[in-house]
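# Structural overview for review
This is what each chain is made of:
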Amino acid sequence: MFIFNKLKTFPKGGIHPPEAKISADKPIERLPLPANVKIPISQHIGVPAVPVVERGEFVKTGQIIAKTGGFVSANIHAPATGKIAKISEEMDISGYRRMTVMIRVDKEEQWVDGIDTTDELITEISLSKDQILEKILQGGIVGMGGATFPSHIKLNVPRGKKADVLIINGAECEPYLTSDHQLMLEKSEELMVGVKILMKALDVKKAIIGIENNKKDAIDKLSKLSEKYNEIEVVALKVQYPQGGEKQLIKALINREVPSGKLPIDVGTVVHNVGTTYAVYEAVQKNKPLIERVITVTGKSVKNPGNFIARLGTPVSTLIDAAGGLPEDTGKVISGGPMMGKALNDLEISVTKGTSGILILPEKESTRSKSKVCIRCSKCVSTCPMGLEPFYLMTVVQRGMNDEAEQNRILDCIECGSCAYICPSNRELLDYIRLGKATVSNLIRERQSA
Amino acid sequence: MDSKLLTVSPSPHIHQEQTISRIMYDVIFAMLPAFAFSIYVFGLGALMVTLIAVLSAVLFEYLITKHLLKREPDILDGSAVVTGMLLAFNVPSNLPWWLIVLGSFVAIGIGKMSFGGLGNNPFNPALVGRVFLLISFPVQMTTWPAPFESRMSLTDVVTGATPLGFIKDGLKNGESLVDLMQDVPGHLDFLLGMQPGSMGEISGLLLIFGFLFLVFRKVITWHIPVIVIGTMFVFSGLLWLGNPDRFVDPLFHILTGGALLGAIFMATDYVTSPMTIRGVVIYSMGIGIITILVRVFGAYPEGISFAILIMNAFVPLLNKYFKPSRFGEKVKNG
C-alpha cells in the first residue's frame, strides 16, 4: 500500500486557481520617499483614530498623528517627515471617504527619538507581557493580511477564555501575491522573534506557522530556524484557496472548527498574519510603529513585477511606476489579490496598512462574461468552504426572503469568492450574498435594539 | 499617469474557464465514441435517427424560445443538441422519422421549454420524450434491429429482442433461466456492445470511456454513476444469491439495457439531480433500486428511464431536507 505524505488542508470545498506568483523570486526593494503622503485616519476595522495634529504643523517620521478613537481602533503615525499640508475628507483605497492627513515630505528625514532604524537583529525579548501589549497598541499594529483588525484586541484575551496555541498565517493563498512569501525569506529570524513575542503576549507554549506548499524555500528556511526556536512548528499546507481564511487555517492546522458566529479564541487559538508578526517585532524590539509595509506589484503585462517596501500613504501610481509603469493594455487595477481585492478607480489613492498588493489586469481579463441562467450544476455548493448553498442564497436575496437567508447562514459567508469563480454560468453569486449579508446584519441589529 | 478609465467591479476578479457551452460540448464529445460504434453496428439507421433528433430538438428550442417565450434563443449553448442526442441514444435505430420528431417535440417543448427552458425543468427532457414514445408507441419502440444484420437499410430490418426482454419473456413463459442464458450472448459481448438495444446504449465499454472523460474534464463527479451502478449491482446481486434459478446475475443487469447510458449520461443531468452530496447519495440509490424493481418485478423489461424520472421528482424535496454540512455546525458547546 502506498503511503501518501498528505499535506494538511481544510476539509470542505475550495478551489485551485492558477497561482500566477510572477514576482515570487523578487527581493524586497525599498521605494524612495514620495513627494507627498496621504494618510487616512482610519486604516483599520473599527472606530477611526482622532487626529492630534493641525495643518501647518511639522511632524517627524514615526510621530503619532491620530490617536485611537475607542477600544476597536488603532493609532496612526506619520510615515514621513514634513509639514502637514492638508487635513480633509478624501476617498481612500477601500472606496470610502475618510478624513485624510496629507504631509508634504521633506527630503531630510528625521525620526522620532528612540526608534531603532538599523537592520540589527535583536533576539532577546526583554519586555514583559503587559509592556509588549502596550507597544503593540502604541505602534498602531493591525492585521496586515487584509482584514486590518487591530492586533492588540486579538491579544487581549477576554476573561474566562484561554488560548493554548498561536497560529501564524503564512498561507498567502491569493494568486499573484508574494509579499508575505518574500518577507518570510528575507526576515526569517525577525519573524521567529516576532512569533516568540506574540507567544509571550498570549501566554501560550506553542505556535504553528502554516505555509502553502508553493513556497517550499520559505518552508525550508523557517523549518531550519525552528530547530533553534523550539515551540514553533512550521507546517506545509496544500495549495488550495482559501487556505489562509482564518477558520479554514485553524481547521487545517489544529483540526478545530470555529462555531458559527464565534471567534478563534473560542476554540483556544489566535491567528496572526506573517506581515503583522514582523510589524510586531519592529514595534516591540525596535520601537518602530507601523509606518511601512511590503507590497507586491504584479500582473501579466507589468514590466518589472516585484515586491516593494513602501511608506504608508504612498500613492498607488508611485508603486506602479517602480514596477515599470502602467501597461498599455491595463483594464483594471486591484488593491489586494484577484479573489478578494478591491478594484481601484483612481491611481492617486494611497496605500494603507492593509494593502498587500497592487494587481494590474489586462483589459481582456477585466470585464465579467455575461451571466446566464443557473443550470443547478451544484459546483458552488461543493466549492463553498463554509458549507453554504450560494445559488440558493442568491435566489432568496433576490426575492427579499431575508429570514430564509439568515436561517441558511448567510452571515457565515467569508466572501472568499470561490462560488463566483467556479460558476459556469458566471452568475453574480457573491454580489447578491454581500447584499444579503448587509441586509440581514441590519435586521439583526434592529431586532436586538428593539 | 494618464487619465485612462479603469474597470471597477466587486471581487472575485478572475474566473475559471468552464462555461455552459464548454460543458455541453464536453458531454457531446463524451458521447461520440458510443455514437460512432452505433453507426458501425446499426448502420445508416443510427445516423438518421440522431440527425433527425438533434435537428428537430434544436429547431423546436429555437422556435419556442423566439416565438412563445419571446426571448433571444441561445441554441449555441449546446443543451438542445445534448437533449436530441440523448433522445436518439434511447430509441431503436429503425424508429420512423415522424416518431423521432414527435419525441423531440415532447422532450424540448413539454419536458424543457414549458417549464421556462434550461435550468428550470424538473424532469430530464430526453427521458420525458423517450417515455412518452415508449408508452404511446410500444411496438415501434421495442422493435430492435439486430446488430450487423441490416446496416444499409432504413426499413426492412432483421429484428431481435434485447437480452433483458428475452429473459423476461422466457421466464414469463415458464422456461428455465439456465436454458435462457445459453441463448443470449456472453458478458464480454455485452460489454463490447454486441446486443440488440436502443441505438446508443449497447456498448458499455465506450460509455465508460465517456464517463472517464467527463470526470477528467470536471463536468461530472463520479458519485451518481458509481452509486447508481453500485446499488444495482448489490441489489440484483442479493436477489441472485437468494435464488440463482429465478434471477439473473448482477453483471448481466449492469451490462444490458440502458443501465450505463442512464447512470452516466442521464442521471447526472445537472438540472434534474440534487445539489448536495447527501441528496445525491439518496437519489442515486433510489435510481438503482427502482431500476432493478421494474426489471425484475415490473411489466417492462427495462426500468432505468422510469427510475430516473421518479427520482427526478424527489429532487426538490432532497434539496430542501438535505442541506450541506455547514462549517462550524458540529461544535455545539463552543
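Residues numbered from 1 in each chain as written. Chains lettered and ligands numbered in written order. Predicted model: local features only at pLDDT ≥ 70, side-chain atom pairs only at ≥ 80, totals over all residues. Heavy atoms only, no water.

### Side note on the interface of chain B and chain A
On the side of chain A, 67 residues touch chain B, which itself brings 39 residues to the contact. Summed over both sides, the interface between chain B and chain A buries roughly 4,500 Å², with carbon and sulfur atoms accounting for 57% of that surface. At the junction of chain B with chain A, the criterion picks out 3 salt bridges. Across the chain B-chain A interface, the total number found is 26 residue pairs in polar contact (both at pLDDT 80 or more). Grouping the amino acids of the side of chain B that touches chain A by side-chain chemistry returns 17 nonpolar, 14 polar and 8 charged. (Contact = heavy atoms within 4.5 Å. Buried area = accessible area lost by both parts, 1.4 Å probe. Salt bridge = Lys/Arg side-chain N within 4 Å of Asp/Glu carboxyl O. Polar contact = N/O pair within 3.5 Å; in protein donor to acceptor, adjacent residues only side chain to side chain. Nonpolar A, V, L, I, M, F, W, Y, C, P; charged D, E, K, R; others polar.)

### Focus: the side chain of R311 of chain A
With respect to the helices, strands and loops of the structure, R311 of chain A is situated in strand β14 (residues 306-311). If we skip the residues at most four places from it in the chain, R311 of chain A touches R30, L33, T61, P79, A80, E109, W111, I291, E292 and V351 of chain A. (Helix = DSSP H or I, 4+ residues; strand = E, 2+ residues; numbered from the N terminus.)

### Comments concerning the sheet that holds strand β7 (residues 82-91) of chain A
All names here are of chain A. A sheet is described by the order of its strands in space; here 4 strands give the open sequence β2-β8-β7-β4, paired in antiparallel fashion. At either margin of the open sheet sits one strand with a lone partner, and together these are β2 (36-40) and β4 (58-59). As paired elements, β7 and strand β8 (residues 97-105) share 9 bridges and run antiparallel to each other. Counterpart to I84 in the pairing with β8 is I103. (Pairing = 2+ DSSP bridges.)

### Describing the sheet that holds strand β11 (residues 232-237) of chain A
Either a parallel or an antiparallel arrangement is found when strands of a sheet pair, and the pairing is made through backbone hydrogen bonds. All names here are of chain A. In spatial order, the strands read β11-β10-β9-β12; together these 4 strands make up an open sheet with parallel pairing. Two strands in the sheet have a free side with no partner beyond their single neighbour: β11 and β12 (269-273). Between one strand axis and the next, the sheet turns through 25 degrees on average, direction left out of account. Across 5 bridges, strand β9 (residues 165-170) lies against strand β10 (residues 207-212) in parallel orientation. Following the sheet pairing, G170 is matched in β10 by I211. Sheet strands touched by helix α5 (residues 216-226): β10 and β11. Its angle to β11, the strand with the most contacts, is close to 160 degrees. Along the sheet, helix α6 (residues 246-254) makes contact with β9, β10, β11 and β12, crossing β9 at roughly 115 degrees. (Axes fitted to C-alpha atoms, helices over the stretch in contact; angles between N-to-C directions.)

### Things to note about the pattern of salt bridges
Residue and element names in this part refer to chain A. Scanning the entire structure with this criterion turns up 29 salt bridges over all chains. Between R30 and E292 there is a salt bridge, with the nearest N and O atoms lying 2.9 Å from each other. With R30 in strand β1 (residues 28-30) and E292 in strand β13 (residues 292-298), this residue pair connects regions lying 262 residues apart in the sequence. Taking relative accessible area as the criterion, R30 reaches 49% and is therefore assigned partly exposed. The class for E292 is buried, based on a relative accessible area of 8%. Note that E246 and K154 form a salt bridge whose closest N and O atoms lie 3.3 Å from each other. With E246 in helix α6 and K154 in helix α2 (residues 151-155), this residue pair connects regions lying 92 residues apart in the sequence. Overlapping salt bridges bring together R30, E109, E282, K288, E292 and R311 as one network. (Buried < 20%, exposed > 50% of the residue type's maximum accessible area, 1.4 Å probe, protein only.)

### Brief notes about helix α13 (residues 429-449) of chain A
With 21 residues, α13 of chain A should reach 30 Å at 1.5 Å per residue; the first-to-last C-alpha distance of 30 Å fits that figure. Where α13 of chain A is buried, its residues touch α9 (379-383), α10 (390-398), α11 (402-407) and α12 (418-422) of chain A. (Expected span 1.5 Å × (residues − 1).)

### Some remarks on unusual backbone geometry
The linkage connecting Y241 of chain A with the following residue, P242 of chain A, adopts the cis geometry, with an omega of -5 degrees. The residue P242 of chain A is located in the loop between β11 and α6 in this model. Between S11 of chain B and P12 of chain B the backbone carries a cis peptide bond, its omega angle lying at 0 degrees. Looking at the secondary structure, you find P12 of chain B in the segment before α1 (20-42). Look at D203 of chain A: it is not a glycine, yet its phi comes out positive at around 65 degrees.

### Notes on helix α2 (residues 44-68) of chain B
A rise of 1.5 Å per residue sets the reference length of α2 of chain B, with its 25 residues, at 36 Å; its end C-alpha atoms lie 35 Å apart and thus fit the reference within 8%. Just past α2 of chain B, the residue K70 of chain B takes up positive phi, approximately 55 degrees.

### Observations regarding empty space enclosed by the protein
Rolling a probe over the atoms, with the probe sized like a water molecule, indicates the empty space that remains. Residues and elements named next belong to chain B. Summed over the entire model, instances satisfying the criterion amount to 10 cavities of 30 Å³ or more. Considering only enclosed or pocket space, the largest cavity measures out at about 330 Å³ in volume. What lines the largest cavity is a set of 23 residues, and nearest its centre among them are M24, V82, L86, D269 and Y270. Secondary-structure elements contributing two or more residues to the lining of the largest cavity are α1, α3 (79-89), α5 (125-136) and α13 (259-266). For the lining of the largest cavity, the element with the most residues is α3, which contributes 4 residues. Looking at the lining of the largest cavity residue by residue, the class counts come to 16 nonpolar, 5 polar and 2 charged. (1 Å grid on protein atoms, 1.4 Å probe; cavity = no way out; pocket = protein on both sides within 12 Å on 5 of 7 lines; lining within 4 Å. Points joined across faces, edges and corners; volume = space filled by probe spheres on them.)

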